[in-house]
Amino acid sequence: MDAQRLKDSFAHVAMHGDEVPLFFYADLFLHHPETRDLFPVSMAHQRGRLVQALATTVSNVDNLETLRPLLEDLGRDHRKFGAVAAHYPAVGNSLLTTLAHFCGDGWTEDLASDWAAAYEIIAQVMVQAAREDEAHRPAYWDATVMAHERRRFDIAVLRLAVEEPLEYLPGQSVSMESSKRPRLWRFYSMANAPRPDSTMDFHVRMLDGGALSSHLARGLEVGGRLRIGSPVGTLTYDGQSARDVLLVAGSTGLAPLKAILEQISGQADPPRVHLFFGASTADGLYDLPDLEKLAAQFPWLTVVPSVSREPGFPGERGSLPDVVARSGTWRDHDAYVSGPTGMVEATMQQLLAQGVPENQIRVEDFGWSEG
Amino acid sequence: MTVTYRSDERLTPDQVQGVSFPSARLGRRGFDEEHVRYFCALVERELVTLLNEKASLWEEVNRLRRRVIGGEGAVVGIRPEDAHVQAVRILSNAQLTADQYVADAQQYSRELAEEARRRHDEVLAEARAHADQVLEQAHQRASQAAQLEMSDPGGNGHRDARAELAYLRTFSDVYRTHLRAYLEALLQNVAEWERAESSSLAAARAGLPPPEVPRL
């Protein structure tokens, strides 16, 4: 297999931009109409993801050891979308047809067999990983809404129960899908440590124009059904560390940190914990009563609420990163930061500026920005 | 999505639709967000159109190329490969149209939600400021009424009680008047909001997102 030739041909094809994935999916759906149901109505994001995945794969095509873990993740992750081994040859055929179409005269038999061989390896790794994953967990979990509590017009706390046990670490998240918004999977963090009854809490904030978040925050009822995918995420608690703990939560970024807090409270000798909980206005501190109850119960826990845009608020005022920075020196703490993009970045900067080593900071970026 | 551009990647309509810019730092000038969004929507639409046109041209070039290679008189009717490529193109166009509808709907829902959120914040802040003002005013007037009662020369041991009664009566009068006025103003706001919403809905149906939502 000539890796350079693969890369060159892909670079040539990629020049055609969005037309390439458009052609690919149209070809796939024409030959295998049943695969259309595996995708959402709008394919705009999907096309972007496909090109991204192809670009990563092709640039590492001569470096299978780097590529393997990525492909394995991809293979496992595709289970929840309903992808099965039988789909892989169909995808391979459409991929080759697409490449041939855009290469035009540059498409030779050698090139075709190189691409076929490369795809064969990729598919094999993905299918194999999916098959191994099948042995110890379902493709997705069916979940039932046990409780749905609206805390503000755009913030809700849900409790879901899953039928099959779902193992996860506090601080991790799962992707979720509703039959009301088919094929749109979005990530949400569990807000509690694992419970024996397999129920999980989630904090949902409605994003402006967010298809799934608005449904979860406002359209969901007790008894409603959702699907959830395998737990992922690296914002997990370092139980080996002897350091005290700083938790910084912006809005519903609180969820994973609350799970970590619950894990810490189960320890024999908990470290000192400072939890900063910030929102733009006081009614955004949707879980404060519960946090204050915990603070009253645990002498090792300090909870500091802060708001950025309400002059009359009796507690800390200002942007959350500033409040954290001026409230102490955190050099000897393990910091866990979670919330809107800008807030997470700014908090990171403040902590690094204070001299907190980077390896003592773990973050979860919720990907939206505070309005 | 933040604003990054790599020279080896092509810009897609999806990227334009999903682009977000960090807000300008405090004290620095930034562009009006509505206008930037509106322009991005135009750019996205134009990109989709260009891509469609480009795809058609590409097909045409290929068709002509095959015709030249196959010899002039060789082509009678549509060859199966051509038919498939045609089908792919039709499906691609249908998909792009669907994508555009979904993006438009999302955009519209985002604008509505933003507007509602902004109004929610404004109404709350207004209510808070107003409540403080009403309390202060009621207290002042009631104090005056109480003082008047105190200075009444015909008074006796009941003076204190009468003064307090006068204070409370005036206080509740002022408060009630303000509450009534405020509730009426709120109802007025809701009505105006409804009107603004139906007019922006009409604008969206006309295929043009309104560059400016009418302020209440």
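**Thoughts on the overall build of chain A**
Then step 1. Looking only at helices and strands, chain A has 11 helices and 12 strands in total.
Then step 2. Burial status across chain A gives 52% buried among its 371 residues.
Then step 3. In chain A, 72% of the contacts between residues at least 6 apart in sequence involve partners at least 24 apart.
Then step 4. With an accessible surface of roughly 16,500 Å², chain A has 52% of that area assigned to carbon and sulfur atoms.
Then step 5. Positive and negative charge centroids in chain A, built from 33 and 49 side chains respectively, lie 6 Å apart.

**Considerations on the domain arrangement of chain A**
Residues and elements named next belong to chain A.
Then step 1. Structurally, chain A comprises domain 1 (3–136), domain 2 (141–228) and domain 3 (244–365).
Then step 2. Centre-to-centre separation of domain 2 and domain 3, based on C-alpha positions: 23 Å.
Then step 3. Contact with domain 2, which involves 14 residues of that partner, is made by 16 residues of domain 3.
Then step 4. A buried area of about 1,300 Å², summed over both sides, lies between domain 2 and domain 3, and 57% of it is on carbon and sulfur atoms.
Then step 5. Counting the contacts that link domain 2 with domain 3 gives two salt bridges.
Then step 6. For D287, the salt bridge identified is with R151, shortest N-O distance 2.8 Å.
Then step 7. In this structure, the connection of domain 2 to domain 3 is made through six residue pairs in polar contact (both at pLDDT 80 or more).

**Quick notes on the sheet that holds strand β10 (residues 316–317) of chain A**
Residues and elements named next belong to chain A.
Then step 1. Taken together, the six strands give an open sheet; going across it, the order is β10-β9-β8-β7-β11-β12, and neighbouring strands pair in parallel fashion. The two strands at the open ends of the sheet, each matched to only one other strand, are β10 and β12 (361–365).
Then step 2. As judged from the five bridges shared by strand β11 (residues 333–339) and β12, these two strands associate in the parallel manner. Along β12, the bridge assignment pairs Y336 with R362.
Then step 3. Where helix α11 (residues 341–353) meets the sheet, it contacts β7 (244–250), β11 and β12, and its direction lies at approximately 160° from that of β11.

**Considering the sheet that holds strand β1 (residues 141–152) of chain A**
Residues and elements named next belong to chain A.
Then step 1. Taken together, the six strands give an open sheet; going across it, the order is β4-β3-β6-β1-β2-β5, and neighbouring strands pair in antiparallel fashion. The sheet terminates laterally at β4 (181–189) and β5 (199–205), the two strands that pair on one side only. Taking the axes of each pair of neighbouring strands and ignoring which way they run, one obtains an average angle of 35° across the sheet.
Then step 2. The pairing of strand β3 (residues 173–178) with β4 spans five bridges and is antiparallel. Across the sheet, residue S173 finds its bridge partner in β4, namely S189.

**Considering unusual backbone geometry**
All names here are of chain A.
Then step 1. Even without being glycine, R183 reaches a positive phi, approximately 70°.
Then step 2. The topology assignment puts R183 in strand β4.
Then step 3. The backbone of S198 sits at a positive phi, close to 60°, despite the residue not being glycine.
Then step 4. Here S198 is to be found in the loop between β4 and β5.

Rules and cut-offs
Residues numbered from 1 in each chain as written. Chains lettered and ligands numbered in written order. Predicted model: local features only at pLDDT ≥ 70, side-chain atom pairs only at ≥ 80, totals over all residues. Heavy atoms only, no water. Helix = DSSP H or I, 4+ residues; strand = E, 2+ residues; numbered from the N terminus. Buried < 20%, exposed > 50% of the residue type's maximum accessible area, 1.4 Å probe, protein only. Contact = heavy atoms within 4.5 Å. Areas by Shrake-Rupley, 256 points an atom, 1.4 Å probe, with all protein chains shown as cover. Lys, Arg positive; Asp, Glu negative; His and termini not counted. Charge placed at Lys NZ, Arg CZ, Asp CG, Glu CD. Domains from an automatic or database assignment. Buried area = accessible area lost by both parts, 1.4 Å probe. Salt bridge = Lys/Arg side-chain N within 4 Å of Asp/Glu carboxyl O. Polar contact = N/O pair within 3.5 Å; in protein donor to acceptor, adjacent residues only side chain to side chain. Pairing = 2+ DSSP bridges. Axes fitted to C-alpha atoms, helices over the stretch in contact; angles between N-to-C directions.

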